[in-house]
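Reading the structure
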Amino acid sequence: MNPRHSGLVIPLAFVIRASSFVAACLFIFSGNALCADNIGVLGSKPKWEVLKNYQRTITHDEFTHLINDVYCTHGFAADLIEIDNDAAQILTNRESHNVFTLHFAPDPNSKARIPRLWHPAKSLPRPKTDKPLAGLRIALDPGHLGGKWAKMEERWFQLGDTKPVTEGDLTLRVSRMLASRLKKLGATVLFVRNSTSPTTPERPGDFKELAREILINNGLPQPRPDVLDPNDPEKDKTIRWQSEMLFYRYSEIRHRAVLVNNKLHPDVVLCLHFNAEGWGDPANPILIDNNHLHLLVNGSYLQDELDLDDERFEMIRRLLSRAYDEELAIADTVATSMAKATGLPAYQYPTTLTTTKVGSSGYVYARNLLATRLYRCPVVYCEPYVMNSKDGFARIQAGDYDGTKEINGAARKSIFREYADSVADGLVEYYHGARVAQGAAISKSPN
């Protein structure tokens with residue numbers, strides 16, 4: 001699994017294989033034959049003209065803060081973004097040397113309206129006491145795929161004769177529980193995925209020729225067609241493995257983005273995942289003591305990611321929509337609620353090479369993931385529980401139930417209900433508080 005497109009903790013060897021895959025794909029997509037625009041894996045040509053709608057919607061100081069402290073915390077090449085007092089020059093294409101000029105608003109009081117389809121909490125009417133989420137459109141995005149697709153994604157393991165652990169099925173179960181609670185609280189709930197099947201109409205077989213081309217251009221003139229052994233350390237050099245990766249990691253997520261942006265139009269997307277650490281052989285997995293929690297918002301782009309025209313465009317568009325201000329506030333509040341309910345410590349990334357810790361809760365990181373970048377609204381990406389931790393595994397095996405059960409010597413709530421309830425409680429706290437505060441501010445206004 002690509003470490004830049006997942007919030008999961010995965011084995012180092014797997015990171016190396018996935019990273020080589022991405023480099024190969026970028027070679028293909030940035031070659032002269034296919035891409036003078038230098039775009040990413042299965043990406044599309046950026047529509048820079050869309051940014052004209054954001055002229056004078058942001059001040060110099062706001063733009064500089066978001067660039068330096070949120071989106072480009074690892075730095076960027078000097079020719080990509082040049083900022084002066086009145087405008088920013090953003091490179092659209094290195095080959096042509098074309099730039100887009102973004103003009104700043106001279107001061108906060110003269111900013112133009114920000115064009116967006118989602119609604120910040122402060123723009124929603126004051127809620128009724130029994131329906132604190134009324135008027136809010138929430139999209140639930142259960143991470144990964146379940147059923148027969150789980151082994152392909154390598155989000156599956158089984159210990160002895162116990163029930164297999166498949167992340168895509170777990171997240172779908174939580175999403176349905178959460179949907180029920182959110183609807184009772186007044187929200188309109190939309191599913192990005194509501195079955196174990198992919199949302200994309202494409203399948204791995206559609207990518208065989210591209211996978212072959214990637215491998216050839218990566219130095220394998222005669223790539224193997226199939227994976228003969230699931231534990232083969234060189235399975236990433238097969239056409240099957242690469243075509244499957246193109247299918248579930250890129251085609252699927254990009255299709256979900258189309259659904260979110262063109263059909264669902266939510267005010268916030270909740271990407272629901274379970275975490276994991278290296279479990280070795282999925283048929284004989286390693287259970288560990290570590291169990292933790294963290295949430296992700298978009299940001300912390302790497303310099304080589306910013307070199308890609310489409311990722312740079314998507315970053316600037318997201319920055320100008322001001323999704324970060326809303327999603328960080330939501331993530332911090334939801335993280336605090338989840339930490340209280342689960343008792344889990346905050347996950348600490350082993351390095352700061354890909355992430356930047358943000359917010360005040362201690363549980364939230366900025367990171368450039370495909371979903372958090374492409375969904376054109378605030379996105380909160382939840383990563384609670386380590387599935388192959390001793391505690392997480394035992395609670396997953398216990399299934400769903402009312403009340404509490406004794407698990408590993410402690411009375412525990414169903415892990416699924418705990419997850420869903422803690423997210424819902426955090427959303428209620430954030431949206432109710434923000435809307436009440438905005439209503440109070442309006443009532444005190446002399447106008």
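1. Section: the environment of Leu 215
Tracing the chain through its elements places Leu 215 in helix α5 (residues 208-217). Sequence separation of Leu 215 and Ile 239 is 24 residues, and the distance between their C-alpha atoms is 7.6 Å.

2. Considering the packing of α5 against helix α6 (residues 239-264)
Put simply, α5 and α6 touch, their axes get as near as 8 Å, and they point 115° apart. Once α5 is placed against α6, the crossing between them reads as right-handed. Contact residues: α5 offers Lys 208, Leu 210, Ala 211, Arg 212, Ile 214 and Leu 215, while α6 offers Ile 239, Gln 242, Ser 243 and Leu 246. For the contact of α5 with α6, the class distribution of residues is 6 nonpolar, 2 polar and 2 charged.

3. Digging into the confidence of the model for the protein chain
Chain-level pLDDT for the protein chain is 90 on average; 89% of the residues reach the 70-or-more range. Overall, residues 1-35 carries pLDDT values under 50, and its contacts beyond four positions in sequence, including any with other chains, amount to 97 contacts.

4. Considering helix α11 (residues 390-398)
Every buried residue belonging to α11 is among Asp 391, Gly 392, Phe 393, Arg 395 and Ile 396, and all of these are buried. Just downstream of α11 lies Gly 399, where phi reads positive at about 70°.

5. So, the sheet that holds strand β1 (residues 81-83)
Spatial strand order, β1-β2-β3: 3 strands in an open sheet with antiparallel pairing. Each end of this open sheet is capped by a strand with a single partner; those strands are β1 and β3 (98-103). With strand direction ignored, the average angle separating the axes of adjacent strands in the sheet is 20°. When β1 meets strand β2 (residues 87-93), the two strands line up antiparallel, connected through 3 bridges. Within β2, the position partnered with Glu 82 by the bridge is Gln 89. Along the sheet, helix α2 (residues 60-71) contacts β1, β2 and β3; its crossing angle with β1, the most-contacted strand, is approximately 140°. Contacts between helix α8 (residues 309-321) and the sheet are confined to β1, β2 and β3, with β2 contributing the most and set at about 150° to the helix.

6. Overview of empty space enclosed by the protein
Per the stated rule, a full pass over the model turns up 1 cavity of 30 Å³ or more. Here the largest cavity is characterised by a volume of approximately 140 Å³. Taken together, the elements giving at least two residues each to the lining of the largest cavity come down to β4 (137-142), α6 and α10 (370-374). Broken down by element, the lining of the largest cavity gets its largest block of residues, 5 residues, from α6. Split into classes, the residues belonging to the lining of the largest cavity amount to 9 nonpolar, 4 polar and 5 charged.

7. What to know about the packing of aromatic side chains
Across all of its chains, the model carries 13 aromatic pairs by this definition. Each ring, one from Phe 157 and one from Trp 279, has its centre 4.8 Å from the other, and the planes form 50°; the classification is tilted. Placement of the pair is Phe 157 in strand β5 (residues 156-157) and Trp 279 in the loop between β8 (268-272) and β9 (293-297), with a sequence separation of 122 residues. For the pair formed by Phe 157 and Trp 279, the shared burial category is buried. Directly above the aromatic system of Trp 118 lies the positively charged group of Arg 116, at a separation of 4.4 Å from the ring centroid.

8. Focus: the pattern of salt bridges
The tally for this structure, following the rule as stated, stands at 25 salt bridges. The salt bridge partner of Arg 256 is Asp 141, with a shortest N-O separation of 2.7 Å. A residue pair is termed long-range when its members are at least 10 positions apart, and Arg 256 in helix α6 and Asp 141 in strand β4 qualify at 115 residues. Residue Arg 256 is classed as buried on the basis of its relative accessible area of 2%. Across the pair Arg 155 and Glu 167 runs a salt bridge, and its minimum N-O distance is 2.9 Å. In this pair, Arg 155 is assigned in the loop between α3 (150-153) and β5 and Glu 167 in helix α4 (residues 167-184), connecting sequence segments 12 residues apart. In this structure, Arg 155 and Glu 167 share a single accessibility class: buried.

9. With respect to α6
At Ser 251, α6 shows its strongest bend, of approximately 30°. Among the 26 residues that make up α6, 20 are buried, leaving the element largely enclosed by the rest of the structure. Immediately beyond the C-terminal end of α6, within one or two residues, lies His 265, with a positive phi of roughly 50°.

10. With respect to the environment of Arg 173
Along the chain, Arg 173 turns up in helix α4. The sequence separation of Arg 173 and Asn 194 amounts to 21 residues, and the corresponding C-alpha distance is 9.5 Å. Excluding residues within four positions of it along the chain, Arg 173 makes contact with Asp 400 and Phe 416.

11. Quick word on the packing of α2 against α8
Here α2 crosses α8 at 120°, and the two axes come no closer than 11 Å. In this view, α2 runs oblique relative to α8, as classed from their interaxial angle. Where α2 crosses over α8, the two elements pack in a sense that is right-handed. Contact residues: Phe 63, Leu 66, Ile 67 and Tyr 71 in α2; Met 315, Ile 316, Arg 318, Leu 319 and Leu 320 in α8.

12. Brief notes about the pairing of strand β14 (residues 410-413)
Relative to β14, strand β13 (residues 404-407) is paired through 4 bridges, and the arrangement is antiparallel. By the bridge assignment, Ile 407 is partnered in β14 with Ala 410. A loop of 2 residues connects β13 with β14, the two strands running antiparallel in sequence, and Asn 408 in this loop sits at a positive phi of about 50°.

13. Some words on unusual backbone geometry
Positive phi outside glycine occurs at Leu 42, with the angle close to 60°. The topology assignment puts Leu 42 in the loop between α1 (12-29) and α2. Judged by relative accessible area, which is 22%, Leu 42 ranks as partly exposed. Of note, the phi angle at Arg 322 is positive, near 60°, even though the residue is not glycine.

Rules used throughout
Residues numbered from 1 in each chain as written. Predicted model: local features only at pLDDT ≥ 70, side-chain atom pairs only at ≥ 80, totals over all residues. Heavy atoms only, no water. Helix = DSSP H or I, 4+ residues; strand = E, 2+ residues; numbered from the N terminus. Axes fitted to C-alpha atoms, helices over the stretch in contact; angles between N-to-C directions. Left-handed = near helix turned anticlockwise from the far one by under 90°. Contact = heavy atoms within 4.5 Å. Nonpolar A, V, L, I, M, F, W, Y, C, P; charged D, E, K, R; others polar. pLDDT = per-residue confidence, 0-100. Buried < 20%, exposed > 50% of the residue type's maximum accessible area, 1.4 Å probe, protein only. Pairing = 2+ DSSP bridges. 1 Å grid on protein atoms, 1.4 Å probe; cavity = no way out; pocket = protein on both sides within 12 Å on 5 of 7 lines; lining within 4 Å. Points joined across faces, edges and corners; volume = space filled by probe spheres on them. Phe/Tyr/Trp six-rings, centres within 6.5 Å; stacked < 30°, edge-to-face > 60°. Lys NZ or Arg CZ within 6 Å of the ring centre and 35° of its normal. Salt bridge = Lys/Arg side-chain N within 4 Å of Asp/Glu carboxyl O. Bend = angle between axes of the 7 residues up to and from the residue. Parallel < 35°, antiparallel > 145°, perpendicular 65-115°, else oblique.

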